[in-house]
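Below are the chains, spelled out letter by letter.
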Amino acid sequence: MIDSSCDFATAPWLDLPASALGAAADIPTMLSMEEQKLYYWLAAHAVSGAGAFVDLGAFAGGSTARLAAGLTAAGLATAIHAYDRFTMAPHQQRKYLADCGLAPLEGRDSLPAVRRLLAPWGERIALHKCDIAAETWRDGPIELLVVDAAKSAELADVIAERFMTALLPGGFLVQQDFLHAPQPWLPAQMELLAGHFEPVAHAAPTTMVFRCISPPVTPPRLSGRADEDILGLVAAAAERYREWGLAGRIENAAARLRRFPGARDARLLRGRPPRART
Ligand SMILES: C[S@@+](CC[C@H](N)C(=O)[O-])C[C@H]1O[C@@H](n2cnc3c(N)ncnc32)[C@H](O)[C@@H]1O
């Protein structure tokens, strides 16, 4: 049984000392400390072990390690499936791997290094080196799905259709980039899925956690929608999250799309948002 009594409203993960992360704190990550604590807390306190964990976009294994440490603290044997291309550009290797005590990578393939980094959490972690766009989840129910790879609207659709559909009612969806301005399709997508997911937690700067009410059987698609349609959904999301204090952040995502009409890839939406007229 999923522990429905766990209290998101008081954000108890914020009270965790950084030391709670243990050895996971040493695994390189792009997550903020607040996000790291939330990932650990979700695994340690919010889940039951009824389904697998899936980490889409694991990079150097940092998010996976925080989840694994939380599961270990909870005494759960849950498997974690971490997906990524597991390649790292030279500047990323210098930034993220220099202090790990590992031999330099041969070329860009980071899989052997990530495997070494995640070895303390053993067999529970399965690393999938792949293009997520070509994957379909077939391993039973998912209790926690972390999405940090929906860098295009097309990939966000794939993730909804081939991964979110396996979520358990009461399980969790972590949208790591929900408030990242160059990905306006994420608040739009969660608006389309509002009947299936309720927001339960925010961790600065960009993460939103949703509890699955019921998994979507045929998730509505983002692909093929006109900008006005996406912008209407983002505007509705801004209203929904106004009481969370997040409307301005979501409106920034809308401003990005207005500046880069038709763009559906985060790489095309980077740059300064337009200056507001007074
Ligand atoms: C922001 S990083 C993830 C950060 C990570 N969760 C952490 O804790 O530091 C996004 C990751 O998504 C991966 N990614 C993006 N698109 C992908 C795709 N189509 N297939 C596989 N991996 C992808 C990238 O390789 C990158 O490592």
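Quick look at the structure, then. (Residues numbered from 1 in each chain as written. Predicted model: local features only at pLDDT ≥ 70, side-chain atom pairs only at ≥ 80, totals over all residues. Heavy atoms only, no water.)

Overview of the overall build of the chain
- Tallying secondary structure elements over the chain gives 8 helices and 7 strands in all.
- A compact globule built from 278 residues should have a C-alpha radius of gyration of about 19 Å, and the chain, at 18 Å, falls within 12% of that.
- Projected onto the principal axes, the alpha-carbon positions of the chain cover approximately 50 × 45 × 35 Å.
- Expressed as a percentage of the 278 residues in the chain, the buried residues total 54%.
- Long-range pairs, those at least 24 residues apart, make up 73% of the contacts in the chain between residues at least 6 apart in sequence.
- Carbon together with sulfur atoms contributes 51% to the accessible area of the chain, which is approximately 12,400 Å² in total.
- In the chain, which carries 28 positive and 30 negative side-chain charges, the distance between the mean positions of the two groups comes to 7 Å. (Helix = DSSP H or I, 4+ residues; strand = E, 2+ residues; numbered from the N terminus. Rg over C-alpha atoms; globule rule 2.2 N^0.38 Å. Buried < 20%, exposed > 50% of the residue type's maximum accessible area, 1.4 Å probe, protein only. Contact = heavy atoms within 4.5 Å. Areas by Shrake-Rupley, 256 points an atom, 1.4 Å probe, with all protein chains shown as cover. Lys, Arg positive; Asp, Glu negative; His and termini not counted. Charge placed at Lys NZ, Arg CZ, Asp CG, Glu CD.)

Re the site of the ligand
- Inspection of the region around the ligand gives 17 residues, with Thr29, Met30, Gly57, Asp84 and Ile132 positioned closest.
- Thr29 has a polar side-chain atom sitting 2.8 Å from an oxygen atom of the ligand.
- Here a nitrogen atom of the ligand sits 2.9 Å away from a polar atom, N or O, in the side chain of Asp131.
- Burial of the ligand by the surrounding chains reaches 89%, relative to a free accessible area of 600 Å². (Near = heavy atom within 4 Å. Polar contact = N/O pair within 3.5 Å; in protein donor to acceptor, adjacent residues only side chain to side chain.)

Section: the sheet that holds strand E3 (residues 125–129)
- If you walk across this open sheet you meet the 7 strands as E3-E2-E1-E4-E5-E7-E6, and the pairing is mixed. Every other strand in the sheet has two partners, leaving E3 and strand E6 (197–203) as the edge strands with one partner each. Looking at each pair of strands side by side, their axes are set apart by 15 degrees on average, direction ignored.
- Bridge analysis of E6 against strand E7 (residues 207–212) gives 6 bridges, and the strand direction is antiparallel. Counterpart to Phe197 in the pairing with E7 is Cys212.
- Helix H6 (residues 185–192) contacts strand E5 (167–175), E6 and E7 of the sheet and is inclined by roughly 165 degrees relative to E5. (Pairing = 2+ DSSP bridges. Axes fitted to C-alpha atoms, helices over the stretch in contact; angles between N-to-C directions.)

Examining unusual backbone geometry
- The omega torsion across Ala204 and Pro205 is 5 degrees, close enough to zero to call that bond cis.
- Among the secondary structure elements, Pro205 is positioned in the loop between E6 and E7.
- Non-glycine residue Phe59 carries a positive phi angle of around 55 degrees.
- Summarising the element assignment, Phe59 is placed in the loop between strand E1 (52–56) and helix H2 (62–74).

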